[in-house]
Structures are given as C-alpha cells and as structure tokens.
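Inside the fold
Single-letter residue listing:
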Amino acid sequence: MLVFLIMQQKWRNVILVDADPEESGILLNSLNEKSVSVASVSANMVDKYVWPEKFSLSPPFNGYVMVVDLSRTEEAFRQLLGLLKEKYLFGPHIGWIIGVNGCLNLSNILHLFDEGDKVVIVASDNIEPLMCRIQSLQTEFKIWSLHSIGNKSILFEQKILDKLNDSIYVKEPLFQKPFTDFGGRILKITSLGSPPIQIPPKEGKWKWRGYIFRIVNTLADIYNFSYTVKEADNRLYGMLQEDGTWSGMIGELVNKSMDMGVGDLSWTLDRGIAADLTSPVFPETVTFIYRAPGFYSLGKSDLHNDPGV
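Residues numbered from 1 in each chain as written. Predicted model: local features only at pLDDT ≥ 70, side-chain atom pairs only at ≥ 80, totals over all residues. Heavy atoms only, no water.

Focus on the pattern of salt bridges
The following threshold applies: A pair is scored as a salt bridge if a Lys or Arg side-chain nitrogen falls within 4 Å of a carboxyl oxygen belonging to Asp or Glu. Helix and strand assignments follow DSSP, with helices taken as H or I runs no shorter than four residues and strands as E runs no shorter than two, numbered in order from the N terminus. Categorising residues by exposure relies on relative accessible area from a 1.4 Å probe, with only protein chains included: less than 20% of the type maximum marks a residue as buried, more than 50% marks it as exposed, and the intermediate range marks it as partly exposed.
Within this structure, the stated rule accounts for 9 salt bridges. The salt bridge partner of aspartate 114 is lysine 256, with a shortest N-O separation of 2.7 Å. Residue aspartate 114 is found in the loop between strand 4 (95-101) and strand 5 (118-123), and its partner lysine 256 is found in the loop between helix 6 (248-254) and strand 12 (260-263); the two are separated by 142 residues along the sequence. Residue classification places aspartate 114 among the partly exposed residues on the basis of a relative accessible area of 21%. Where glutamate 231 meets arginine 235, a salt bridge forms, and the shortest distance between an N and an O atom there is 2.4 Å.

See below:
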C-alpha cells in the first residue's frame, strides 16, 4: 500500500523513519526496486539525526515515510510523533505518509498536529486497538488525510480507494489542498517595527497601516480574516535559548500563543526551521563607505609616473 502511494505521488527521494524494523526493511527493498532513493533513520535515533531542514528550506527529498508497529503500545507511537513535532518536521512544507501495522484511534493523535500539516495515515481502521485485535486479521487498510478547514479545527478524512490493473490508487489528491477561507476568524498578530514598517490604525478602524501591513490587509481580504495586534514579548524578535526554547516573537509563534508574526524580522536558519517565514518583502542592505588608501586612488597614468611603485 505505501509503495503504491509513494509512486502515485511521484516521490523519488524519501526519508524513512523506521519504527518497525521488519516492515521497514520490506518497504526499503520495494522502494529500491522502484528506483526510489531512501535515507533510513531508526526511531531511537530521531533526536540525534541531523535533519535536512537544518541546511535547506528546499530539501532535495520529496517527503517522509514512517512505518509503525502498534502491537506493543500506541503510547510509544504518540511519543515518537511528539518528538518529531518538537523537531519542527511537520508542516505545510513537506508531506508525511505514515503506515500503521494495526488499528489506530485517530482521536488519540489528532492533538499532535496543526493546521496545514501534510499528513496521511494508512491503518487497518480508526478504532480502539482492543477492538482491532478482536476483529479478523484480514481487515483491509484504509487511508485518512489530515484536513484543515480554516476555523482552527482539524480532522482526519478517509480517502476513497480504487484499483486499476491490480494497482491501488486514490481518486482524489492524497494531501489536502490548502484552505482559502478563514471564515471571518480573528487572528492574533505579534508585531515589531516603527513607521513606515507599521503604523497604528486610525481611530475607529481595525486595520493597521504601513508597508508590511499593506500585505497583511491584502491577505485578510483574500482569505477572509481580521486580526488584533500586540507588541512582541519583551520587544524581541526571537533568539534560540540554550534550553531549546525561543524568546520574543518567534517564541510566541512556536508556543502557539500567536497566529502570525509581522515586522522587520531578519531571516536566520534557526528561525526558518522553527517558523514558516515568507520570502523577504523588503531586503535592506547595509553598506560601509570609507576612503580608499592613496595607492588605490591613483589612476593608471599616476601609477606609471610614481617612482615609488
């Protein structure tokens, strides 16, 4: 099943998180036969592995695959998902196909994901593991895709499967399309900057002004949301602390107390991993100008006539 889905997505380079050595080995061999390049990471090495996002926001691989055996405990699976989430490995930038060897109660893992996460679960059924063991072992696998509708709630939707020439395929897109309507939701924005970057709204108005908020206001009109604005915690843009937490604006985004950060924020590799940053909208160049030494100020004819050269 996983091989069919990976091939349908036309993934040619994947990272395999191995939480079920036997099934992962079978999957690895099958993908290699299909000329799919696979980098395998053992589940107990997740915390030590240097993930590709550490070096590039446009990774050279197509997606993640994980195989999990629930015959032992579902709690271990939830802990593994939580650890991967702490490593900022879920989000709209890359997809996950997770194969579960056994039944899975999806409500037990739903809280581990956020709006926009691209996650597909392949499991025997969406029921309690105890009921799964009672049922026949011939239960067919089913597919659920994480779905966001813009009102801050998420759910798993079952995908419709079909067969063509002995191959299984999904009639609709495997991963959900990004929602385009917040339904009038009020987003919380943390912001920093002085005019003309941001300017408070006029009396009786809620829309802020400034060149950054011109972009935000355009997005609000397109995606149907309004917003409130507060100054970033301690007037800090955000630095990664020794204990792994974040301060300032980035910290508010990471701990989900704010929905959006707006300001003259500089891009850094760590910030780009912790939060989804837009492309720069106003690149600023800082230039140092100084007087060149006399030697470099001389023209060609001057150099020719200079006895000291």
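Anyway, onward from the coordinates.
Description of the sheet that holds strand 1 (residues 13-19)
Threshold: In this description, strands pair whenever DSSP reports at least two bridges between them. Only the stretch in contact is used when a helix axis is fitted, and all axes are lines through C-alpha atoms; the angle between N-to-C directions ranges over 0 to 180 degrees. Whether two residues are in contact is decided by their heavy atoms: any pair within 4.5 Å suffices.
Ordered in space as 2-1-3-4-5-6-7, the 7 strands form an open sheet in which the pairing is mixed. The open sheet terminates on both sides in strands that have one partner only, identified here as strand 2 (37-42) and strand 7 (154-158). Going across the sheet, the axis of each strand differs from the next one's by a mean of 25°, ignoring polarity. With respect to the sheet, helix 2 (residues 21-33) is in contact with strand 1, strand 2, strand 3 (63-69) and strand 4, its orientation differing from that of strand 1 by roughly 165°. With respect to the sheet, helix 3 (residues 74-86) is in contact with strand 1, strand 3 and strand 4, its orientation differing from that of strand 3 by roughly 160°.

As for the packing of aromatic side chains
The description of an aromatic ring pair uses the distance of the two centres, along with the angle that the planes make with each other. For the record, the criterion: Only centres within 6.5 Å qualify two rings of Phe, Tyr or Trp (six-membered ring in Trp) as a pair; their planes then separate them into stacked at under 30 degrees, edge-to-face at over 60, and tilted for everything else. For a Lys NZ or an Arg CZ to count as sitting over a ring, it must be within 6 Å of the ring centre and within 35 degrees of the ring normal.
Per the stated rule, a full pass over the model turns up 11 aromatic pairs. Here phenylalanine 179 and phenylalanine 182 contribute two aromatic rings whose centre-to-centre distance is 5.0 Å and whose plane-to-plane angle is 85°, an arrangement assigned as edge-to-face. Of note, lysine 118 hangs over the ring of phenylalanine 175, and the distance from its end group to the ring centre comes to 5.3 Å.

Structural notes on a nonpolar patch on the surface
For the record, the criterion: Residues with no salt bridge and a relative accessible area higher than 30% make up the patches, which join like charges within 9 Å and nonpolar side chains (Val, Leu, Ile, Met, Phe, Trp, Tyr) within 5 Å. Shrake-Rupley sampling with a 1.4 Å probe provides the accessible areas, and residues are treated as covered by the protein chains on show and by no other component.
Together, Ile215, Leu219, Ile222, Tyr223, Val281 and Phe282 make up an exposed nonpolar region whose accessible area comes to about 530 Å². With respect to the helices, strands and loops of the structure, tyrosine 223 is situated in helix 5 (residues 211-223). For tyrosine 223, a relative accessible area of 31% translates into the label partly exposed.

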